[in-house]
Amino acid sequence: MRRQEFDPHPDLTGLLRQDGLARVPTLYGGPEAWLVTRYDEVRDVLRDPETFSNALSLNLRFPDLPEPTPEEEVQMRAGAMLMMDPPEHTRLRRMLTPEFTMRRIRRLEPRVTEIVNDHLDAMEAKGSPADLVTDFAMPVPSLVICELLGVPYQDRAAFQERTATMMDIACPPEKRLSAQREARDYMADLVARHTATPGDDLLGMLIREHDLEIDELIGIGGLLLIAGHETTTNMLGLGTLALLRNPGQLAKLPGDVDGAVEELLRYLSILHAGVTKVATRDVELSGTKIREGEVVIVSLPAANRDPAFAADPDRLDIGRENHAHVAFGYGAHHCLGAPLARMEMRIAFPALFARFPGLRETEPAARFRSHHFVYGLSTLPVAW
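Residues numbered from 1 in each chain as written. Predicted model: local features only at pLDDT ≥ 70, side-chain atom pairs only at ≥ 80, totals over all residues. Heavy atoms only, no water.

The protein chain is annotated in an unreviewed UniProt entry as Cytochrome P450 from Herbidospora galbida.

Another point: the overall build of the protein chain. When helices and strands are counted, the protein chain shows 15 helices and 14 strands. Taking 21 Å as the expected radius of gyration for a compact globule of 384 residues, we find that the protein chain reaches 21 Å, a close match to that expectation. On the principal axes, the C-alpha backbone points of the protein chain span a range of 55 × 55 × 40 Å. Taken across its 384 residues, the protein chain has 56% of its residues classed as buried. Within the protein chain, residue pairs in contact and separated by at least 24 positions form 71% of the contacts whose partners lie at least 6 positions apart. Surface summary for the protein chain: the accessible area is close to 17100 Å², and the carbon and sulfur share equals 52%. Of the side-chain charges in the protein chain, 42 are positive and 57 negative, and the distance between the mean point of each set is 2 Å. (Helix = DSSP H or I, 4+ residues; strand = E, 2+ residues; numbered from the N terminus. Rg over C-alpha atoms; globule rule 2.2 N^0.38 Å. Buried < 20%, exposed > 50% of the residue type's maximum accessible area, 1.4 Å probe, protein only. Contact = heavy atoms within 4.5 Å. Areas by Shrake-Rupley, 256 points an atom, 1.4 Å probe, with all protein chains shown as cover. Lys, Arg positive; Asp, Glu negative; His and termini not counted. Charge placed at Lys NZ, Arg CZ, Asp CG, Glu CD.)

A few words now on the packing of helix 7 (residues 139-149) against helix 11 (residues 214-244). Relative orientation of the contacting elements helix 7 and helix 11 amounts to 155°, with a least axis distance of 8 Å. With respect to their mutual orientation, helix 7 and helix 11 come out roughly antiparallel. By crossing handedness, the relation of helix 7 to helix 11 is classed as right-handed. Side by side, helix 7 and helix 11 meet where Pro141, Ser142, Ile145 and Leu149 of the first sit next to Gly221, Leu224, Leu225, Gly228, His229, Thr232, Thr233 and Leu236 of the second. Looking at the contact of helix 7 with helix 11 residue by residue, the classes come out as six nonpolar, six polar and no charged. (Axes fitted to C-alpha atoms, helices over the stretch in contact; angles between N-to-C directions. Parallel < 35°, antiparallel > 145°, perpendicular 65-115°, else oblique. Left-handed = near helix turned anticlockwise from the far one by under 90°. Nonpolar A, V, L, I, M, F, W, Y, C, P; charged D, E, K, R; others polar.)

Turning our eyes to something else, we now look at the sheet that holds strand 3 (residues 22-24). An order of 3-4-10-7-5 is seen for the five strands of this open sheet, with the pairing classed as mixed. Two strands lie at the open edges of the sheet, namely strand 3 and strand 5 (52-53), each paired on one side alone. Summarising the sheet, strand 7 (residues 277-279) and strand 10 (residues 295-298) pair through two bridges and their orientation is antiparallel. By the bridge assignment, Val278 is partnered in strand 10 with Val295. Here helix 2 (residues 39-46) sits on the sheet and contacts strand 4 (33-36), strand 5, strand 7 and strand 10; the angle it forms with strand 10, its principal contact strand, is near 125°. (Pairing = 2+ DSSP bridges.)

Our focus in this paragraph is the sheet that holds strand 14 (residues 381-383). Taken in spatial order, the three strands make up an open sheet running 6-14-11, and their pairing is antiparallel. Lying at the two open borders of the sheet, with one neighbouring strand each, are strand 6 (130-131) and strand 11 (360-361). As judged from the two bridges shared by strand 6 and strand 14, these two strands associate in the antiparallel manner. In the strand pairing of strand 14, Asp131 is matched with Pro381.

The biggest cluster of nonpolar side chains holds 89 residues, and the ones touching the most others in it are Val116, Phe136, Leu268 and Phe353. A total of 13 residues in this core trace back to one element, the largest contributor, which is helix 11. For Leu268, the contacting residues outside a window of four places in its chain are Arg3, Phe6, Met235, Leu238, Gly239 and Ala242. Membership of the second largest hydrophobic core comes to 19 residues, among which are Val36, Val296, Ala303 and Val326. (Core = buried A, V, L, I, M, F, W, Y, C linked by side-chain atoms within 4.5 Å.)

All right, on to the packing of aromatic side chains then. Per the counting criterion, the structure on display carries five aromatic pairs. With a centroid separation of 6.0 Å and an interplanar angle of 75°, the aromatic rings of Phe6 and Phe368 are classed as edge-to-face. Of this pair, Phe6 sits in the loop between strand 1 (3-4) and strand 2 (7-8) while Phe368 sits in strand 12 (residues 367-369), and the two are 362 residues apart along the sequence. Residue Phe6 is classed as buried on the basis of its relative accessible area, which comes to 9%. Owing to a relative accessible area of 21%, Phe368 belongs among the partly exposed residues under this scheme. Across from the ring centre of Trp34, 4.6 Å away, lies the NZ or CZ of Arg23, which sits over that ring. (Phe/Tyr/Trp six-rings, centres within 6.5 Å; stacked < 30°, edge-to-face > 60°. Lys NZ or Arg CZ within 6 Å of the ring centre and 35° of its normal.)

Written out as structure tokens, the structure is:
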């Protein structure tokens, strides 16, 4: 998971030039895993849930983590789409897919544009300098997912703090578990309120139109809330910094916004890895024999920097024509919210640089979040 600012650590990308797979430790005293880094093989693993199971990873034991209670273990599995395999995963995904089609997402564009402009107005009124993370990159996706899901926006500070704790691998395990419990309690209360009076938001739709258990609603709601603000927040912050440090590429905006978004997704790859998988049978990959029951991890940043996939992969080039990156994953677990995230970035980046054409880094230097499951910035001081 180590990075050097925008780049994966050389130890990671160096594996692309080696034969076979590397054996790596997992967090919290868990079993060793095979690390898959090459683009083609990462896609092979992600497209084959029958051989590489997400669900079986819930059976793995991590001695350094506090043990959940039996009740918590049941709750942990309910609605946890990332930890499911087809057909259970397919059943839940089909319920949500209609809400994330391009047609539905286009309907949200005017409101997202309004949210972006409102926050730019607030930044301008507050004046230079500013922290782009706290003033723009974080509140914009948070408000979008709150309105879409049906979460009171005034609760954002609390859920952002809990999410930051849950995602911080440097945080003591007991503190992370406590934050997870608090997050579940919050979502349980929210689901209860929506069940009493379902609205027109996503939670209300799930309650009205689908026969889901309460624990499933809580699990789905929690996943969408975290994924909906955490990933896009970090793409907006880190993407802005990458463009500021590559003025030649920034000059190409707003002409090729779609290309810029896709290239930033590839270049930054803010998710360090896909969900931990367990082999369901003996299989060979990169000339390495993986035994049934062994753990497999795919590196998304390494795959997106594989020279076999992208020429001159360590260069940010928004004119690239090949956008088949794996920043959103691949296969059955390809990110459901990818159309929403893309739309938010397509609107936010051009609007930000049009409003502040003289935007620049200022002191103190931006701080990178090096110990989080989702890579990004904790602060980005800017001036204009």
